[in-house]
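Next come the chains, spelled out residue by residue.
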Amino acid sequence: MKKDVLSITDLTREEIYELLESAADLKAKRKAGEPTEFLKNKSLGMIFEKSSTRTRVSFEVAMTDFGGHALYLNSRDIQIGRGETIEDTARTLSGYLHGIMARVMKHETVEKLAKYSTIPVINALSALEHPCQILGDFMTIMEYKKKFEGLKFAWVGDGNNVCNSALLGSAIMGMEFAAACPKGYEPKAEFLEKAKTLGGKFIITDDPKVAAKDADIIYTDVWVSMGDEAEQEKRLKDFAKFQVNTELLEVAKPDVIVMHCLPARRGLEITDDVMDGPNSVIFEEAENRLHAQKALILKLMR
Ligand code: CP
Ligand code: NVA
């Protein structure tokens, strides 16, 4: 049976721990220069409806490290861009490839890809979730904090796709989640409900200091996500008080780690001094995308 990962909730706590262990092993092997040709002659299709630096490069390098091949499929260049259906694309690609990862506008697109293909499908960011990001983030948290249970994860900013996955992922791993979002930008009720059913402990506030108080992790993301550009002007005003800066860090634990999925808009959601400061783990987090995704594609495609 093929397995898809469209949401972080497609993985159990045990599976996430297994992936993190495998990711740490793959990271050590890569640093030691050990060969890892576990997916020789296998091909991963990478469908992109939106821009990407980290996701595209890390998945492509992952397949190279495994001795396999990755195909960059820009949705404007393949026939989807001319109206071929997702269903027919999924059926066709299933005959060539061993896995698909897709970065899409609408979450339903990854659902359709998964439904109509016979190979594993990975959500590489949709309007609703970004599970691959959260796996890399959890790997980073594990490296620094050695555990999840009892940690306080503070989200500061937009209740967006990354926030949804962080909320659900925190519920799965037993972290306390506190999100500070401007009114009207909180995570949607369906995600809060889902987190509740997973046993998640969370608070939603519009005060960044309440969320950041005694936090072990402070996480932020852009105020204007891909697709939200039309709201840019309004958002910059609405989010003005939701910046991660040294003043906010003062209320957190002294050993708080600062995370950002990137790309960042320096000087807006995060200041230069915090991003480049001693609490920031942002670029290790970016690197860990590679190792965590390698663990994931190995699990799904081997
Ligand atoms: N964090 C992340 O997914 O980055 P990219 O948009 O560059 O892939
Ligand atoms: N929330 C951001 C994340 C980018 C990786 C976006 O969707 O644009």
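Attention here is on the structure that accompanies the text. The model shown is predicted, which means the values in this text are computed figures rather than measured ones.

Looking at ligand 1, the residues that line it are Ser52, Thr53, Arg54, Thr55, Arg103, His130, Gln133, Cys261, Leu262 and Arg289. Within the side chain of serine 52, one N or O atom sits 2.6 Å away from an oxygen atom of ligand 1. In this structure, an oxygen atom belonging to ligand 1 sits 2.7 Å away from a side-chain N or O atom of threonine 55. Against a free-state accessible area of 250 Å², the protein chains account for coverage of 96% of ligand 1. The cavity that encloses ligand 1 is the largest pocket. Residue composition of the shell around ligand 1, grouped by class: 2 nonpolar, 5 polar and 3 charged.

The next thing to look at is the packing of aromatic side chains. Across all of its chains, the model carries 10 aromatic pairs by this definition. Look at tyrosine 185 and phenylalanine 239: their rings are 4.6 Å apart centre to centre, the planes differ by 55 degrees, and that puts the pair in the tilted class. With tyrosine 185 in the loop between strand S6 (176–180) and helix H7 (189–197) and phenylalanine 239 in the loop between helix H9 (232–238) and helix H10 (246–249), this residue pair connects regions lying 54 residues apart in the sequence. In terms of burial, tyrosine 185 and phenylalanine 239 fall into one category: buried. Taken together, Phe153, Trp155, Phe177 and Tyr219 form an aromatic cluster joined through their ring pairs. Over the aromatic face of phenylalanine 38 sits the side chain of arginine 302, whose NZ or CZ is 4.5 Å from the ring centroid.

This part covers the layout of surface pockets. Of the voids in this model, the largest pocket is the one considered here, and its volume is about 830 Å³. Taken together, 46 residues line the largest pocket, and the ones lying closest to its centre are Asn161, Val222, Ser225, Met226 and Asp228. Looking at the lining of the largest pocket residue by residue, the class counts come to 16 nonpolar, 15 polar and 15 charged.

To continue, consider the environment of leucine 26. Inspection of the secondary structure puts leucine 26 in helix H1 (residues 13–32). Between the alpha carbons of leucine 26 and aspartate 65 there is a distance of 9.9 Å; along the sequence they are 39 residues apart. Sequence-distant contacts of leucine 26, that is, excluding residues within four places in its chain, are made with Thr36, Phe38, Phe66, His291, Lys294, Ala295 and Leu298.

Turning next to unusual backbone geometry. A cis amide bond links leucine 262 with the next residue in sequence, proline 263, at an omega value of 5 degrees. Relative to the assigned elements, proline 263 resides in the loop between strand S9 (257–260) and helix H11 (272–275). A positive phi angle is found at lysine 146, which is not glycine, with a value near 65 degrees. As for its placement among the helices and strands, lysine 146 is situated in the loop between helix H5 (131–145) and strand S5 (152–156). The class for lysine 146 is exposed, based on a relative accessible area of 62%. Within the chain, aspartate 214 stands out as a residue other than glycine whose phi angle is a positive 60 degrees.

So, about the site of ligand 2. Every residue lining ligand 2 is accounted for by Leu125, Asn160, Asn161, Val162, Asp221, Ser225, Met226 and Leu262. Between ligand 2 and serine 225 there is a distance of 2.7 Å, counted from a nitrogen atom to a side-chain nitrogen or oxygen. Contact distances for ligand 2 include 2.8 Å between an oxygen atom and a backbone N or O atom of methionine 226. Against a free-state accessible area of 270 Å², the protein chains account for coverage of 95% of ligand 2.

In spatial order, the strands read S7-S6-S5-S8-S9; together these 5 strands make up an open sheet with parallel pairing. Each edge of the open sheet is held by one strand with a lone partner, namely strand S7 (201–205) and S9. Sheet twist, expressed as the average angle between the axes of neighbouring strands with direction ignored, equals 20 degrees. Where strand S8 (residues 217–220) meets S9, 4 bridges bridge the pair, whose relative direction is parallel. The partner of isoleucine 217 across the bridge, within S9, is isoleucine 257. Here H5 sits on the sheet and contacts S5, S8 and S9; the angle it forms with S9, its principal contact strand, is near 165 degrees. Across the sheet, helix H12 (residues 282–301) touches S8 and S9, and the angle it forms with S9 is around 55 degrees.

Let us look at the pairing of strand S1 (residues 43–48). Of all 6 residues in S1, 6 are buried; the element is thus mostly enclosed. Neither face of S1 is open: one carries Ser43, Gly45 and Ile47, the other Leu44, Met46 and Phe48, and all of them are buried. Across 6 bridges, S1 lies against strand S2 (residues 69–74) in parallel orientation. What sits directly across from isoleucine 47, in S2, is leucine 73. As a crossover connection, the stretch from S1 through helix H2 (residues 54–65) into S2 is right-handed. Judged from the 5 bridges that link them, S1 and strand S3 (residues 99–103) form a sheet pairing that is parallel. The residue of S3 that forms the bridge with methionine 46 is methionine 101.

Here is what the cut-offs are and how they apply
- Residues numbered from 1 in each chain as written.
- Chains lettered and ligands numbered in written order.
- Predicted model: local features only at pLDDT ≥ 70, side-chain atom pairs only at ≥ 80, totals over all residues.
- Heavy atoms only, no water.
- Near = heavy atom within 4 Å.
- Polar contact = N/O pair within 3.5 Å; in protein donor to acceptor, adjacent residues only side chain to side chain.
- Areas by Shrake-Rupley, 256 points an atom, 1.4 Å probe, with all protein chains shown as cover.
- 1 Å grid on protein atoms, 1.4 Å probe; cavity = no way out; pocket = protein on both sides within 12 Å on 5 of 7 lines; lining within 4 Å.
- Sits in = over half its atoms within 2 Å of the grid points.
- Nonpolar A, V, L, I, M, F, W, Y, C, P; charged D, E, K, R; others polar.
- Phe/Tyr/Trp six-rings, centres within 6.5 Å; stacked < 30°, edge-to-face > 60°.
- Helix = DSSP H or I, 4+ residues; strand = E, 2+ residues; numbered from the N terminus.
- Buried < 20%, exposed > 50% of the residue type's maximum accessible area, 1.4 Å probe, protein only.
- Lys NZ or Arg CZ within 6 Å of the ring centre and 35° of its normal.
- Points joined across faces, edges and corners; volume = space filled by probe spheres on them.
- Contact = heavy atoms within 4.5 Å.
- Pairing = 2+ DSSP bridges.
- Axes fitted to C-alpha atoms, helices over the stretch in contact; angles between N-to-C directions.
- Right-handed = clockwise from strand over helix to strand, strands pointing away.

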